[in-house]
Amino acid sequence: MSSQDIPEEKHLPSEQGDAHHGGVTVADDPFADPGLPVHKPRIQDIDERAAKRSERTVAMLFTLSMLATIGFIASYVTFPVDKIVYIFPIGKVSALNFALGLTLGTALFCIGAGAVHWARTLMSDVEVADERHEIAAPPELKAKVMQDFADGAQESGIARRPLIRNTMLGALSMLPLSALMIMRDLGPLPEKKLRKTVWSRGKLLINDNTNEPLRPEDVLVGSLTFARPEGLEEDQHDFQTQIAKAALMIVRIKPEDIKDKQELEWSHEGIVAYSKICTHVGCPISLYEQQTHHVLCPCHQSTFDLSDGARVIFGPAGHALPQLRIGVNGEGFLEALGDFDEPVGPAFWERG
């Protein structure tokens, strides 16, 4: 191999650094702490008038947050759900959604902006270096942390600047009202809806199978017929909601076999009408034993005696089925003489 083929050797400085051989001396600690820069005071630190201006700015932002929260509540109450407005350059939008978004966004922004401006202009900005410690803090470190917290609270000026403190507390106190207003849309207030159904005096009993009004002669002894109130049709938008409370089952029992006095008074020639909704978890009752006059819920086998006020004789149901008082109108059709004698459905008593 010729001398031209041998690559030229690169000579690196030795790690120790040898001045006699042209080496470079390396520092003992290449990552030495450069220290913190010299603290430069802000204008608010040396001019109380500037500090007062910053204080008023922070208070103004917190006050705007409170006003925006009030605007949120006012918008929620004032604007109808279906009102559409044109907003340039967005276009046509819901007035309610736009107002709610604008006011809630303003309330949150002003709280954040006020806190940032407070921290950057009035709170202490002196940088403090501290060593990391083990996760399990010794008592003296805990005491130091508490002292640092107290010092930070003092340096923040929250005690010396009541205007900022009071407006901040006001803004933070009022902001949750926005969430309370939004929770109103979780659903309409129940009012007395759980206690009432669409049954009322004079409504005819409509056969679910034939869609025709029922006459007493249509109901035979030992038969089970399902009915709904007159005027409730499947194409109505709230049909499922209403039928879940108004579904009715009708049986005919010999009057002498009816044991409960009120049941007999509320019947017509032995025809009794009871809610079809089980009082356990709301399953539709569909099984009838004509010899015993018992009806059985297929879900959890709750059993009710229709000859004795539909009381529970077996299973987890908590109370008897509600009865509907019925009679016959001038045209010979079965009609309701009011609503159920008690609320329909499961767990109503637990709900209050």
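As the structure is a prediction and not an experimental result, all values here were calculated from the model.

Novice: Help me understand the sheet that holds strand β8 (residues 294-296), please; the structure alone is not making it clear to me.
Specialist: Hydrogen bonds along the backbone pair up the strands of a sheet, which may run parallel or antiparallel. Here four strands make up an open sheet; going across it, the order is β7-β8-β9-β10 and the pairing antiparallel. On the outer flanks of this sheet lie β7 (287-289) and β10 (311-314), each paired with one strand and no other. For this sheet, the mean angle separating the axes of adjacent strands, direction not counted, is 30°.

Novice: Whenever I open this one, helix α3 (residues 95-121) confuses me. Can you help?
Specialist: What sets the pattern is the α-helix's 3.6 residues per turn: residues three or four places apart point alike. Look at α3: 38 Å from first C-alpha to last across 27 residues, which is about the 39 Å you get at 1.5 Å a residue. The complete set of buried residues in α3 reads A95, L96, A99, L100, T103, A107, C110, I111, G114, W118 and T121. In this structure, the buried side of α3 is in contact with α1 (43-46), α2 (48-78), β1 (84-87), β2 (91-94), α4 (139-156) and α5 (162-174).

Novice: When you look at the packing of aromatic side chains in this model, what are you seeing that I'm missing?
Specialist: Scanning all chains against the criterion turns up zero aromatic pairs. Here K276 stacks its cationic end above the ring of F226, 4.0 Å away from the centre of that ring.

Novice: What is the right way to read the UniProt feature "transmembrane region" (unreviewed entry) in the protein from this model?
Specialist: When the UniProt feature table is mapped onto this chain, "transmembrane region" (unreviewed entry) is found at residues 58-78 and 98-119. Taken end to end, residues 58-78 is 100% helix and 0% strand, and its two terminal C-alpha atoms sit 30 Å from one another.

Novice: I keep staring at unusual backbone geometry and nothing clicks. Help me out?
Specialist: In this structure, the amide linkage connecting F88 to the following residue, P89, adopts the cis form with an omega of 0°. Along the chain, P89 turns up in the loop between β1 and β2. Its identity as a non-glycine residue notwithstanding, E269 has a phi of 55°, on the positive side. Of note, E269 is situated in the loop between α8 (261-265) and β6 (271-275).

Novice: What exactly am I supposed to notice about the pattern of salt bridges here?
Specialist: Opposite charge on two side chains makes pairing possible when the charged atoms of those side chains draw close. A full pass over the atoms with the stated rule returns 12 salt bridges. Here K144 makes a salt bridge to D148, at a shortest N to O gap of 3.0 Å. Here K144 pairs with D148, and both are found in helix α4, just four residues apart, close to one helical turn. By relative accessible area, which is 36% here, K144 ends up partly exposed. With relative accessibility at 39%, the residue D148 sits in the partly exposed group. Linked through salt bridges whose partners overlap, the residues forming this network are E48, K52, E55 and R161.

Cut-offs and rules
- For every chain, the first residue of the written sequence is number 1, and numbering continues from 1 along that sequence.
- Residue-level local features of this predicted model are given only where pLDDT is at least 70; pairs of side-chain atoms are given and counted only at 80 or more, and the full residue set underlies all totals for whole chains, interfaces and linings.
- Side-chain metrics rest on all non-hydrogen atoms present in the structure, leaving aside hydrogens and water.
- Here, any two strands with at least 2 DSSP bridges between them count as paired.
- Runs of E in the DSSP output that reach at least two residues are strands. Runs of H or I that reach at least four are helices, and both are numbered from the N terminus.
- Here, axes are lines fitted to C-alpha atoms. For helices the fit covers the stretch in contact, and angles between N-to-C directions go from 0 to 180 degrees.
- By definition here, a helix of n residues has an expected span of 1.5 Å times n minus one.
- Whether a residue is buried, partly exposed or exposed follows from its accessible area with a 1.4 Å probe, protein chains only, as a fraction of its type maximum: under 20%, in between, or over 50%, in that order.
- The contact criterion used throughout is that any non-hydrogen atoms of two residues lie within 4.5 Å.
- To pair, rings of Phe, Tyr and Trp, with the six-membered ring standing in for Trp, must have centres within 6.5 Å; the planes then decide the type, stacked if under 30 degrees apart, edge-to-face if over 60, and tilted in the middle.
- Criterion for a charge above a ring: Arg CZ or Lys NZ at most 6 Å from the ring centre, at most 35 degrees from the ring normal.
- UniProt positions are given in the numbering used here, feature names are shortened, and annotations may be inferred rather than shown by experiment.
- Salt bridge criterion: a side-chain nitrogen from Lys or Arg within 4 Å of a carboxyl oxygen from Asp or Glu.

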